[in-house]
Amino acid sequence: MSPTTVTAPPVSVGRLSLVVKTARMYHEEGLLQPEIAERLNMTQSRVSRMLKEAARLGIVRTVVATPPGLYPELEQGVRTAFDLRDVVVTEAASDSEAGVLSSIGSAAASYLEGTLRSGERIGVTSRSASLFAMVDALGPVTTGGAEVVVQTLGAVGNPAMQVRATRLTDRLSQLTGGEPIYLPAPGVVTSKAVRDGLLLDPYIAEAVAAWRGLTLALVGIGSAKPSPLRASWGTALPQRDLDRLIKLGAVGDVCLNFFDAAGDLVDARLSDRVLGIGPDDLLAVPRRLGVAGGPGKVDAIRAAATGGWINVLITDHFTARRLVEGAGH
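Not measured: the values here are computed from a predicted model.

(A) Representation of unusual backbone geometry in the model. Within the chain, Asp 83 stands out as a residue other than glycine whose phi angle is a positive 55°. Relative to the helices and strands, Asp 83 resides in the loop between helix 4 (72-82) and strand 1 (86-90). For Asp 83, a relative accessible area of 71% puts it in the exposed group. Phi is positive for Cys 255, close to 55°, though the residue is something other than glycine. Relative to the helices and strands, Cys 255 is located in the loop between strand 7 (250-254) and strand 8 (257-260). On the basis of relative accessible area, Cys 255 is assigned to the buried category, the value being 4%.

Below, the structure is given as C-alpha cells:
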C-alpha cells in the first residue's frame, strides 16, 4: 500500500494578493503589525498568519548579506572540522606572523568584550604575542566584570619577560575589573625539587589554587619550532629539552603542555619542572580560547584543536583556509 501524499490546497488569487500586500507593508513600508491590521481591517493574529504564509510561499525570502572582511563560511568550516565551541576568523593584512598579529589581537579583544560574563574567573598565559596584541586592543569592559585574572604560566625566556608577564596580567585585570593574581616565578626550573620548593611560597600557591576554578582560559598556541618573534624573547626551554620534544613528535604547546600532531600530550620529563597550569586543570576550564595565526602555527593550531586543548579559536583567514583544507588528512 503506497503512502498518501498530502497536498496543500491552492491559494486563490485574491488571498495571494492580500498576502503580498501584507508582506509589502511590513517589510518594505516598515509598518508594524497593529498598523497593518488597522489599515486592512483584520485582526493582528491574522496579519501574523499572512506574514508566515508569505514566507512559506517564497514571497518573502530571508537573505543574510555578509559584509566584506567577514568569513562565516570559513568559521563554520573550521568549527565543524574540529568540533569547536566557536571560531572567529578575521581578515589579516598579510600571510605572515607579523601580518596577522594585529588583526587577531583586535578580533580577540572584540570577542572578549562581547562574550565576557559577570563574575568570570580568567586565566591568562604570559608568553603569547597574540594575547599581548589582544590586551593592547582591548578597551574597558563595561557589560560584565571579571572576578579574578590569574597568571597561568611563570615567566619564560629572557628576564624582561617577567616584567611583561606581570604587566599583561595587571592590564587585563584593570580592563575587566578582576582582581589580579600573579605567578611571581620562572616558568621552567632546573629540577622537581626546585619546583616543589617554589610551590610552598604563599603567592605562588595562591595562583596554583586559583587555576582550579577558572571559567575562561586565554591562551596562545606555541609551535615546537619557535618563530623569529618568539625567539627574540629568549628560548622558553633549554635546547636539549626542545630537541627531545621534537624527537618525540611534539608540534606545539599550550602553557608548555606539549602535544603531537594528534593532539596527544608528549611526555618529555618536563612537567615536573614547569610552573604553569597542567593538563588536568586546563582541560577542566569550560572555555579555552586560543588566539593564534600565521603559516608557522598551522600544525600547532590543528593539533591543539584536535586534542581539545582549545575549544574556541580566534585566527586569520589565511590560517583558517589551511586548517579547512588540511582537515582529515
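More follows now that the structure is in view.
(B) Region of the structure containing the side chain of Asn 257. Tracing the backbone shows Asn 257 in strand 8. When residues no more than four places from it in sequence are discounted, the contact partners of Asn 257 are Gly 252, Leu 265, Ile 277, Gly 278, Pro 279, Leu 282 and Trp 309.

(C) Structural detail: the pairing of strand 8. Here strand 7 runs beside strand 8; their pairing, made up of four bridges, is antiparallel. The residue bridging Gly 252 from the neighbouring strand is Phe 259, located in strand 8. Once strand 7 ends, the chain turns through two residues before running back antiparallel as strand 8, passing Cys 255 with a positive phi of about 55°.

(D) Just the packing of aromatic side chains, in detail. A complete count under the given rule lists one aromatic pair for this structure. On the numbers, 5.6 Å between centres and 25° between planes, the contact of Phe 259 with Trp 309 is stacked. Separated by 50 residues along the polypeptide, Phe 259 in strand 8 and Trp 309 in the loop between helix 13 (298-306) and strand 10 (312-316) bring together distant segments of the chain. With respect to class, Phe 259 is no different from Trp 309; both count as buried. Its end group placed over the ring of Phe 132, Arg 164 keeps NZ or CZ at 4.1 Å from the ring centre.

(E) Broad picture of the environment of Ala 55. Examined against the element boundaries, Ala 55 turns out to sit in helix 3 (residues 44-56). The exposure class assigned to Ala 55 is partly exposed, which follows from its relative accessible area of 47%.

Calculation notes
- Residues numbered from 1 in each chain as written.
- Predicted model: local features only at pLDDT ≥ 70, side-chain atom pairs only at ≥ 80, totals over all residues.
- Heavy atoms only, no water.
- Helix = DSSP H or I, 4+ residues; strand = E, 2+ residues; numbered from the N terminus.
- Buried < 20%, exposed > 50% of the residue type's maximum accessible area, 1.4 Å probe, protein only.
- Contact = heavy atoms within 4.5 Å.
- Pairing = 2+ DSSP bridges.
- Phe/Tyr/Trp six-rings, centres within 6.5 Å; stacked < 30°, edge-to-face > 60°.
- Lys NZ or Arg CZ within 6 Å of the ring centre and 35° of its normal.

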